[in-house]
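Observations on the model geometry
If you want the building blocks of each chain, they are given just below.
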Amino acid sequence: MDDFKVTPWDVEGVVDYAKLIVEFGTSPLTDELIQKTAELTKSELPIFFRRRFFFSHRDYDKVLADYESGKGFFLYTGRGPSGPMHIGHIIPFFATKWLQEKFDVNLYIQITDDEKFLFKEKLTFDETKRWAYENILDIIAVGFDPDRTFIFQNSEFTKIYEMAIPIAKKINFSMAKAVFGFNEQSKIGMIFYPAIQAAPTFFEKKRCLIPAAIDQDPYWRLQRDFAESLGYYKTAAIHSKFVPGLTSLGGKMSASKPETAVYLTDDPEEAGKKIWKFALTGGRATAKEQRENGGEPEKCVVFKWFEIFFEPDDEKLMERYRACKSGELLCGQCKRELIERVQKFLKEHQERRKKAEKQVEKFKYTGELAREQWDKAVPEALKN
């Protein structure tokens, strides 16, 4: 992968997702699996699946088979709190919410404040804890079921460490080094951390499904090497693509580069100005040239944002594509329409975020699933 790079910590270049499937050893999310999902949920699929924003998987076919047979499954995903969340971070959570609702399953959301402290040299532990609270508000605002969702911080839910100990005993340094590229300069906390990340996949004696961006897949690759030796299922996963930043189709939206990102806490007016100023388009040099030759939506971040999240109607998306290609639709108009959609989303999200302040305790401590996990002992299978 000389032309792009994908690791749990860095994504660079224009990602070739077909190449990435081969490199990571995953499987394409096929039409058959998409259709099976629609049949089992008896509902119209969201755009995340229809448009293949989720494009790759590990054992998703087995998850669907388990659901169909009555065995069921559970969901697990997470967030590393190192700063404010942006639109690229939250989209996989909307897909996770859809899966929770349609399959009626439990969901565990790990907030990895410990990981971010270990891996971000300039970040203090207090800062990761502060960002954890802020990020949790954004996650709750998505609309998860508070009695079937457990949101936990690793620094608080210390039972996760007890579960990680037998996992850590299964992973030797050469395995971790091969997957993550650790070396003599790597902090020992970093080397141990994959065991912490794998622990929630053992919260239930069912198959675990992880919806997440594909850069996180190496963690689950390790879990699949030893899960069955502990008497559990290999975890399953469905992998999303990356939401491009405003300035380029390469890489992904970056919280550390404000000009590339629209944060969930941005003032809607300021977000609109940012989109207007920085969003890359597929337009020609002049309006006259674009009317004559048409635009290039395949090179346009604005169109990509419509495709990924801001235009749920497939027919209208294709109308936008054709109007751009024909020169009928100019970039200024398209940007203005995207700004309207983004501003509406931010206003609604921020209203829900404010209400989320009163729900934090339930998601973390007092909801049905949260209470169950705080009361539950470490499984015997993980003690042996």
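Residues numbered from 1 in each chain as written. Predicted model: local features only at pLDDT ≥ 70, side-chain atom pairs only at ≥ 80, totals over all residues. Heavy atoms only, no water.

Helix and strand content of the protein: 18 helices and 9 strands. Taking 21 Å as the expected radius of gyration for a compact globule of 384 residues, we find that the protein reaches 21 Å, a close match to that expectation. For the protein, the spread of C-alpha atoms along the principal axes amounts to about 70 × 45 × 45 Å. Pairs at least 24 apart in sequence give 78% of the contacts found in the protein among residues at least 6 apart. (Helix = DSSP H or I, 4+ residues; strand = E, 2+ residues; numbered from the N terminus. Rg over C-alpha atoms; globule rule 2.2 N^0.38 Å. Contact = heavy atoms within 4.5 Å.)

Further remarks concern the pairing of strand E6 (residues 107-111). Counting buried positions along E6 yields 5 of 5 residues, so the element is predominantly enclosed. Burial along E6 is two-sided: Leu-107, Ile-109 and Ile-111 facing one way and Tyr-108 and Gln-110 facing the other are all buried. Bridging between strand E5 (residues 73-79) and E6 involves 5 bridges; their strand directions are parallel. When the sheet's bridge partners are listed, Leu-75 is paired in E6 with Leu-107. At this point the chain moves from E5, through helix H5 (residues 87-103), to the parallel E6, and the crossover so formed is right-handed. (Buried < 20%, exposed > 50% of the residue type's maximum accessible area, 1.4 Å probe, protein only. Pairing = 2+ DSSP bridges. Right-handed = clockwise from strand over helix to strand, strands pointing away.)

This paragraph deals with the packing of aromatic side chains. Under the definition given, this model contains 37 aromatic pairs. Seen from their ring centres, Phe-157 and Phe-203 are 6.2 Å apart, and the 75° between their planes marks the pair as edge-to-face. Of this pair, Phe-157 sits in the loop between strand E7 (149-153) and helix H8 (159-168) while Phe-203 sits in the loop between helix H10 (188-198) and strand E8 (207-213), and the two are 46 residues apart along the sequence. For Phe-157, a relative accessible area of 1% corresponds to the buried category. On the basis of an interplanar angle of 50° and a centroid distance of 6.1 Å, the ring pair of Tyr-219 and Trp-220 is categorised as tilted. Lying across the ring of Phe-24, Arg-221 places its NZ or CZ 4.7 Å from the centre. A cation over an aromatic ring shows up here: Lys-335 above the ring of Trp-276, its NZ or CZ 5.6 Å from the ring centre. (Phe/Tyr/Trp six-rings, centres within 6.5 Å; stacked < 30°, edge-to-face > 60°. Lys NZ or Arg CZ within 6 Å of the ring centre and 35° of its normal.)

Moving on: H10. Since the α-helix advances by 3.6 residues per turn, residues separated by three or four positions end up pointing in the same direction. Met-190, Tyr-193, Pro-194, Ala-195, Ile-196, Gln-197 and Ala-198 are the residues of H10 that are buried. On its buried face, H10 sits against E5, E6, helix H6 (113-119), H8, helix H9 (173-180) and helix H11 (217-226).

Its place among the elements puts Thr-235 in the loop between H11 and strand E9 (236-240). The class for Thr-235 is buried, based on a relative accessible area of 1%. Leaving out residues up to four positions away in the same chain, Thr-235 has contacts with Thr-201, Cys-208, Ile-210, Trp-220, Gln-223 and Arg-224.

Looking now at the UniProt feature "coiled-coil region" (unreviewed entry) in the protein. UniProt feature "coiled-coil region" (unreviewed entry): in the numbering of this structure it lies at residues 339-366. With 89% helix and 0% strand, residues 339-366 has its two end C-alpha atoms placed 39 Å apart. (UniProt positions renumbered as here; feature names shortened; annotations may be inferred.)

Here we come to the packing of H8 against H10. Put simply, H8 and H10 touch, their axes get as near as 8 Å, and they point 115° apart. As for how H8 packs across H10, the hand of that crossing is right-handed. Of H10, the residues touching H8 (which contributes Ile-160, Tyr-161, Ala-164, Ile-165, Ile-167 and Ala-168) are Phe-192, Ala-195, Ile-196 and Ala-198. In terms of residue class, the contact of H8 with H10 is made up of 10 nonpolar, no polar and no charged. (Axes fitted to C-alpha atoms, helices over the stretch in contact; angles between N-to-C directions. Left-handed = near helix turned anticlockwise from the far one by under 90°. Nonpolar A, V, L, I, M, F, W, Y, C, P; charged D, E, K, R; others polar.)

UniProt records the feature "short sequence motif: 'HIGH' region" (unreviewed entry) at residues 81-89, using the numbering of this structure. In the segment residues 81-89, helix accounts for 33% and strand for 0%; the C-alpha atoms at its two ends are 11 Å apart.

This paragraph deals with helix H4 (residues 60-69). Along H4, the residues classified as buried are Tyr-60, Val-63, Leu-64 and Asp-66. Down the axis of H4, the buried side of the element spans an arc of 160°, and every buried residue falls inside it. Close packing links the buried residues of H4 with helix H2 (31-41), strand E4 (54-58), E5, H5, E8 and E9. (Arc of directions from axis to C-beta.)

Interaxial distance between helix H14 (residues 301-310) and helix H15 (residues 314-326) falls to 10 Å at its minimum, and their mutual angle equals 170°. Taken together, H14 and H15 sit at an angle that is classed as roughly antiparallel. Relative to H15, H14 is oriented so that their crossing is left-handed. The segment H14 lies against H15, with Phe-303, Phe-306 and Glu-307 engaging Leu-317, Arg-320 and Tyr-321. (Parallel < 35°, antiparallel > 145°, perpendicular 65-115°, else oblique.)

Inspection of the entire model under this criterion finds 31 salt bridges. Between Arg-50 and Glu-44 there is a salt bridge, and its shortest N-O distance comes to 3.5 Å. Between Arg-353 and Glu-134 there is a salt bridge; the shortest N-O distance is 2.8 Å. With Arg-353 in helix H16 (residues 331-356) and Glu-134 in helix H7 (residues 125-140), the pair connects residues that are 219 residues apart, well separated along the chain. (Salt bridge = Lys/Arg side-chain N within 4 Å of Asp/Glu carboxyl O.)

Let's shift gears to the domain arrangement of the protein. Often the size quoted for an interface is simply the accessible area lost on bringing the parts together. Along its sequence, the protein is carved into domain 1 (5-246) and domain 2 (258-356). Distance from the C-alpha centre of domain 1 to the C-alpha centre of domain 2: 28 Å. By the criterion of area lost to domain 2, the three top residues of domain 1 are Arg-51, Ile-87 and Leu-246, representing 37% of everything that side buries. Our count for the domain 1 to domain 2 interface comes out at 4 salt bridges. Put simply, Arg-50 and Asp-314 hold a salt bridge, and the shortest N to O gap is 2.9 Å. Remark: the boundary between domain 1 and domain 2 carries 15 residue pairs in polar contact (both at pLDDT 80 or more). A per-class count over the side of domain 1 that touches domain 2 returns 16 nonpolar, 2 polar and 4 charged. (Domains from an automatic or database assignment. Buried area = accessible area lost by both parts, 1.4 Å probe. Polar contact = N/O pair within 3.5 Å; in protein donor to acceptor, adjacent residues only side chain to side chain.)

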